[in-house]
Amino acid sequence: MVVIVGIASFVYANKTPKNPQQLGTVIRKIEPLKAEIPKADTVTASVTAKPSTEISSGVIITEKGDEILVLINKNIRLPETYEPGDLVSIDGLVKTTHSGLLLRAEAAKALGSITKAAKDEGVNLIVLSAYRSFWSQQATFSSWVGSAGLAAAETFSARPGHSQHQLGTAVDFTAESVNLGLTENFTQSKEGAWLSQNASKFGFVLSYPEGKEAITGYTYEPWHWRYIGVENTQRMTQSGLILEEFLQRYGVI
Ligand SMILES: [Zn+2]
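Residue positions within a chain follow its written sequence, with the count starting from 1. Selection of residues for local features in this predicted model requires a pLDDT of at least 70, selection of side-chain atom pairs for listing and counting requires 80 or more, and totals for whole chains, interfaces and linings are taken over all residues.

Peer 1: Hey, could you run me through the sheet that holds strand 9 (residues 204-206) in this one?
Peer 2: Whenever strands of a sheet pair, they do so through backbone hydrogen bonds, lying parallel or antiparallel. Note on pairing: DSSP must find at least two bridges between two strands before they are called paired. Every helix listed is a DSSP run of H or I at least four residues long, and every strand listed is a run of E at least two residues long, numbered separately from the N terminus. Here 5 strands make up an open sheet; going across it, the order is 5-7-8-10-9 and the pairing mixed. If you trace the sheet from one side to the other, it starts and ends with strand 5 (95-96) and strand 9, each paired once. Summarising the sheet, strand 5 and strand 7 (residues 126-129) pair through 2 bridges and their orientation is parallel. Across the sheet, the residue bridging to Lys 95 is Ile 126, located in strand 7.

Set out below in structure tokens:
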């Protein structure tokens, strides 16, 4: 097992971004971990793909999109052509705002489980967005830049290649109680509260927590959950780290 976080550390430590506002404060050295994390081979997936490469302006293109613990952020992106090989439809597994949404098979299975568990407790989760291709993300980001301006768009929408949605393991949840929108009010909703309490049991973690904008580069997104598996979720919770920090230490690039 090899952890390639060293590449990120090198970049974070030695590269001066040409546009710090664009790259956010993700460019930083992570302090040594104080919490005790048990060592296990399973935390880091095997590294088999070709080496990831650094392109201009301190941005790395990772070839490890298939790895469940791949780190994607404002500095590290997927190739334009990356698409998971095991995408499946989530139609029928969960109520969605529109049909034809896709996720990787393992994440879809977990989504089916979490949806059923929620329903059993009277909570109706609805999925608004799941897998998005590079090109779909480009359209999404461009649309936000058009309506909100570049600086604002950077705080809540990922540039193409930089979105966890391209991994096929990220889900945006919504609910009738928030009018099927993506809003911070989701936190106070029955559905948002239920997810906060229970999502980890099914291997889903919040990617962009409240008050962690300086680390993630994104504003609080209570609706955006990424699947990393139950065991990794337990390890992350135990570490006290948020996903971005956890993947910088234990993920792959
Ligand atoms: Zn999202």
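Having put the structure on the table, let's press on.
Peer 1: Is there a simple way to explain the sheet that holds strand 2 (residues 60-61) in this structure?
Peer 2: Pairing is mixed across the open sheet formed by 3 strands, whose spatial order is 1-2-3. Both edges of this open sheet fall to strand 1 (53-54) and strand 3 (76-77), since each of them pairs with a single strand only. As defined by bridge partners, strand 2 adjoins strand 3 across 2 bridges and the pair is classed as parallel. Pairing of Ile 60 across the sheet is with Ile 76, part of strand 3.

Peer 1: Got a minute to help me understand the pairing of strand 8 (residues 170-174) in this structure?
Peer 2: Consecutive residues of a regular strand have side chains that alternate between opposite faces of the sheet. The element strand 8 is extensively covered by neighbouring structure, given that 4 of its 5 residues are classed as buried. Sheet topology places strand 8 next to strand 10 (residues 224-227); 3 bridges connect them, and they run antiparallel. In the strand pairing of strand 10, Ala 170 is matched with Arg 226. With C-beta atoms placed from the backbone, a residue is buried if 20 or more other C-beta atoms are within 10 Å of its own, exposed if 12 or fewer are, and partly exposed between those counts.

Peer 1: Would you mind showing me how to read helix 3 (residues 105-120) here?
Peer 2: Residues three or four positions apart in an α-helix share a direction because the helix packs 3.6 residues into each turn. To estimate how far a helix should reach, multiply one less than its number of residues by 1.5 Å. With 16 residues, helix 3 extends 23 Å between its outermost C-alpha atoms, agreeing within 8% with the 22 Å of an ideal straight helix rising 1.5 Å per residue. Buried residues of helix 3: Ala 107, Ala 108, Ala 110, Leu 111, Ile 114, Thr 115 and Ala 118, and no others. Buried positions in helix 3, seen along its axis, are confined to an arc of 160° and lie on one side of it. With respect to the buried face of helix 3, the exposed residues turned more than 90 degrees away are Lys 116 and Asp 120. Within this analysis, the arc is defined by the directions that extend from the helix axis to the C-beta atoms.

Peer 1: Is there a simple way to explain helix 8 (residues 230-239) in this structure?
Peer 2: Burial in helix 8 covers these residues: Asn 232, Thr 233 and Met 236. End-on, the buried residues of helix 8 take up no more than an arc of 100°, which puts them together on one face. Facing away from the buried side of helix 8 by over 90 degrees, the exposed positions are Glu 231, Thr 237 and Gln 238. Positive phi appears at Gly 240, one or two residues downstream of helix 8, with a value of about 80°.

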